[in-house]
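For reference, the chains in residue letters:
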Amino acid sequence: VDGIPVGTIGVLPSNTPDFIRSDSIAGLRFGDEIEAVDRTADLLDSLGVRAVVLLYKGDIGAGGQNDPCNPVDGPANVVATAVSPKVDLIVTSDGDKHFNCTYPDPLGRPRTVVQGASHGRIISVADLMIDRETRDVLRDHTLAFTQVITHDIEPDPQTQQFVERASEMSDAVAGRRV
């Protein structure tokens, strides 16, 4: 971004085979996600990448209804607090709650963890400030929030035409009783 490398690590939880059809993951091996993130963060660091974002397809385990950021036990919470301190932001995408939390990294430094919800109706936004000289994320300047997507926005004409055409073409199948 503007000449500063930003690394993105995407990882699935090690128990993914428990939830995915076996034929769709044939030949894939799912190892420990923390080891995978740490190994990749070290590789990025060796290449001079100091700003790192983790995309984690797992429920981060946010707490109860009154305080969604109350840490609770669970594999995803372990990921949020245990992955390399070289990871500056964690974006998760599972579970039914949206949140903007701060969890300590292994060095005790605050790290932002966000999750959207409702299949994209609530999205997470995180703005990171990066020091141009060190290329490090200034975590205390991270601005994160969740944004509700409303239906009062004028649709993009090309996209709207595409959706209308797809709906027309699928009417016969979509309207068939099962």
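See the structure above.
The structure reproduced in this document is the subject of the present report. Quick caveat, the model's predicted, so the values are computed rather than measured.

Calculation rules
- Residues numbered from 1 in each chain as written.
- Predicted model: local features only at pLDDT ≥ 70, side-chain atom pairs only at ≥ 80, totals over all residues.
- Heavy atoms only, no water.
- Helix = DSSP H or I, 4+ residues; strand = E, 2+ residues; numbered from the N terminus.
- Buried < 20%, exposed > 50% of the residue type's maximum accessible area, 1.4 Å probe, protein only.
- Contact = heavy atoms within 4.5 Å.
- Areas by Shrake-Rupley, 256 points an atom, 1.4 Å probe, with all protein chains shown as cover.
- Pairing = 2+ DSSP bridges.
- Axes fitted to C-alpha atoms, helices over the stretch in contact; angles between N-to-C directions.
- Salt bridge = Lys/Arg side-chain N within 4 Å of Asp/Glu carboxyl O.

**A closer look at the overall build of the protein chain**
Next, step 1: The number of helices and strands found in the protein chain is three helices and seven strands.
Next, step 2: Burial status across the protein chain gives 29% buried among its 178 residues.
Next, step 3: Considering only contacts in the protein chain between residues 6 or more positions apart, those separated by 24 or more positions represent 59%.
Next, step 4: As displayed, the protein chain offers around 11700 Å² of accessible surface, 53% of which is attributable to carbon and sulfur atoms.

**Some points on the sheet that holds strand β3 (residues 89–92)**
Next, step 1: If you walk across this open sheet you meet the five strands as β1-β2-β3-β5-β4, and the pairing is mixed. Of all strands in the sheet, those bounded by a partner on one side alone are β1 (6–11) and β4 (99–104). Averaged over all pairs of adjacent strands, the angle between their axes in this sheet comes to 20°, without regard to strand direction.
Next, step 2: Summarising the sheet, strand β2 (residues 51–56) and β3 pair through four bridges and their orientation is parallel. Residue pairing for β3: Tyr56 is matched across the bridge by Thr92.
Next, step 3: Helix α1 (residues 33–46) rests against β1 and β2 of the sheet, and its axis sits at about 160° to β1.

**Remarks on the pattern of salt bridges**
Next, step 1: Applying the stated criterion to the full structure yields seven salt bridges.
Next, step 2: Measuring nitrogen to oxygen at the nearest pair gives 3.8 Å for the salt bridge that ties Asp45 to Lys86. One end of the pair, Asp45, is in helix α1; the other, Lys86, is in the loop between α2 (75–82) and β3, with 41 residues separating them in the sequence.
Next, step 3: The class for Lys86 is partly exposed, based on a relative accessible area of 31%.
Next, step 4: One salt bridge in this structure joins Arg139 and Asp105, with 2.8 Å as the shortest N-O distance.

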